[in-house]
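# A structural walkthrough
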Amino acid sequence: MTPTPGFDVVSLGEPLYELNRQPDGRYLAGFGGDTLNVAIAAARLGSHAAYLTRLGADIFADEIRGLMAREGIDASGVVRDADAPTGLYFVTHGPEGHVFTYRRKGSAASLMSPVDLKPELIQGARFLHVSGISQAISATAAETVAAAIAMARGAGVGISFDTNFRPRLWMAAQALPAIEEAARHADILKTSQEDCAALLGLSDPRDIARHFLALGARAVVVTLGREGVFMATPEGSLHVPGMRVAAVDATGAGDAFTGALLSECARGRPLGEAVRFANAAAALSTLGYGAIAPLPMRAEVESAIRAAALIDLDQGPAAAGR
């Protein structure tokens, strides 16, 4: 019997303290970490979210805990480690986009192990969310991801997995077996053209979707940057064009997408509708700096979708004949 859900989204991974360089050279303090971004994105859209991780006993951990409290993220699954630091990262911007510089080696989160998990949080959720970064930070973290997936699968909880391949954390040959094993169990697998070019040598979203569906993933979502999103299930596929916005920083846009997608699926919306909603949420998340600060609220996303629909209507066949 599937337990009554206690959370819409339970996310597992490494939260990080962020320093984002602004146009005037100052560094804006913030927060990040892909799976934390997902939890907060979902919470801002009305979902009940929880987070599983290890944090150091330092000021950066205190600020992350404060953030989680402000955003309504349940932190009962957060373990404090007096002997290891909380990870940091810096974001700089240039002609080719944003660049990340990390200070996370030996972080508390990298010391996660399966004994740190709270089964009652995972088994009572609608969705467990994990990523390739959650797997890559250490061998014990990878074991923790696998144990969490097994708990979720055994309880009938939906599994969300983002490939989020980072070559600086592990090589493609090392990453691919772990990523494909997680993909076999994914109810929703989110990936990108960039990830799959590096991991699989594939760039066509149809080929990417076929690969992961053949492994056992039940739905595959491939983000295409400004070109939008391609989604496929065994029953069919859908392409959602990108929403045009005056983007200033794409940090965390993929996580904004995933959080919105899980939030909508937890609300019972059909997958195609959830993908369209998430596509808009991701676009709005690029309008400000940092991974978390620009994550939109539900009213903002719904307003943007209505505005886009009006533009499409105005530019449709009737408008063309004026």
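Notes on the structure in this doc start here. This structure is a prediction, so every number in the text was calculated from the model and none was measured. (Residues numbered from 1 in each chain as written. Predicted model: local features only at pLDDT ≥ 70, side-chain atom pairs only at ≥ 80, totals over all residues. Heavy atoms only, no water.)

## Points about the overall build of the protein
Looking only at helices and strands, the protein features twelve helices and 13 strands. Over its C-alpha trace the protein gives a radius of gyration of 19 Å, about what one expects of a compact globule, namely 20 Å for 322 residues. Summarising its shape, the C-alpha atoms of the protein cover approximately 70 × 50 × 40 Å along the three principal directions. Within the protein, buried positions represent 54% of all 322 residues. (Helix = DSSP H or I, 4+ residues; strand = E, 2+ residues; numbered from the N terminus. Rg over C-alpha atoms; globule rule 2.2 N^0.38 Å. Buried < 20%, exposed > 50% of the residue type's maximum accessible area, 1.4 Å probe, protein only.)

## Remarks on the pairing of strand β4 (residues 49-56)
Along β4, eight of the eight residues are buried, which leaves the element largely enclosed by surrounding structure. Burial along β4 is two-sided: A49, Y51, T53 and L55 and A50, L52, R54 and G56, pointing in opposite directions, are all buried. For strand β1 (residues 7-12) and β4, the ladder comprises four bridges, and the chain directions are parallel. Residue pairing across strands places V9 opposite A49, the latter belonging to β4. For the crossover that starts at β4, traverses helix α2 (residues 59-71) and ends in the parallel strand β5 (residues 74-81), the hand is right-handed. (Pairing = 2+ DSSP bridges. Right-handed = clockwise from strand over helix to strand, strands pointing away.)

## As for the pattern of salt bridges
One pass over the full model with this rule turns up 18 salt bridges. D24 is the salt-bridge partner of R26, the closest N and O atoms lying 2.7 Å from each other. An identical accessibility class is assigned to R26 and D24; each is exposed. Notably, a salt bridge pairs E264 with R267, separated by 4.0 Å at the nearest N-O pair. Each member of the salt-bridge network shares a partner with another, and the members are E264, R267, R269, E273, R298 and E302. (Salt bridge = Lys/Arg side-chain N within 4 Å of Asp/Glu carboxyl O.)

## Looking at the pairing of strand β13 (residues 236-240)
The two faces of the sheet receive side chains in turn, since in a regular strand these alternate between them. Of the pairings in the sheet, the one linking strand β12 (residues 229-233) to β13 comprises five bridges and is antiparallel in character. When the sheet's bridge partners are listed, M231 is paired in β13 with L238. In sequence, β12 turns back onto β13 through a hairpin of two residues.

## Examining the nonpolar core
Core analysis: the biggest nonpolar cluster contains 46 residues, and V10, L12, I122, L128, L189 and F212 have the highest contact counts within it. It is helix α5 (residues 139-154) that provides the largest number of residues to this core, a total of six residues. Setting aside chain neighbours within four positions, we find L128 in contact with V10, I122, A148, I149, A152, V157, G158, I159 and S160. (Core = buried A, V, L, I, M, F, W, Y, C linked by side-chain atoms within 4.5 Å. Contact = heavy atoms within 4.5 Å.)

## Details of α5
Spanning 16 residues, α5 covers 23 Å between terminal C-alpha atoms, matching the ideal 22 Å at 1.5 Å per step. Taken as a whole, α5 has its buried residues at A141, T144, V145, A147, A148, I149 and A152. In this structure, the buried residues of α5 make contact with β1, α3 (119-123), β8 (125-131), α4 (132-136), β9 (158-162) and α6 (172-184). (Expected span 1.5 Å × (residues − 1).)

## Here we look at the state of the cysteines
Evaluation of the coordinates by the stated rule reveals zero disulfides. Take C196: it sits in no disulfide, and the sulfur closest to it among the cysteines is that of C265, at 19 Å. Given a relative accessible area of 17%, C265 falls into the buried group. (Disulfide = S-S within 2.5 Å.)

## Notes on the side chain of Q135
With respect to the helices and strands, Q135 occurs in helix α4. The contact partners of Q135, leaving out residues within four places of it in the chain, are A142, V145, F161, W170, A178, I179 and A182.

## Considering the packing of helix α1 (residues 34-44) against helix α9 (residues 253-266)
Running from N to C, α1 and α9 point in directions that differ by 45 degrees, and their axes come no closer than 7 Å. When the axis of α1 is compared with that of α9, the two are oblique. Considering how the two elements wind past one another, α1 and α9 form a crossing that is right-handed. Along its contact with α1, which presents D34, N37, V38, A41 and A42, the element α9 presents D255, A256, T258, G259, L262 and S263. Counted by class, the contact of α1 with α9 contains five nonpolar, four polar and two charged residues. (Axes fitted to C-alpha atoms, helices over the stretch in contact; angles between N-to-C directions. Parallel < 35°, antiparallel > 145°, perpendicular 65-115°, else oblique. Left-handed = near helix turned anticlockwise from the far one by under 90°. Nonpolar A, V, L, I, M, F, W, Y, C, P; charged D, E, K, R; others polar.)

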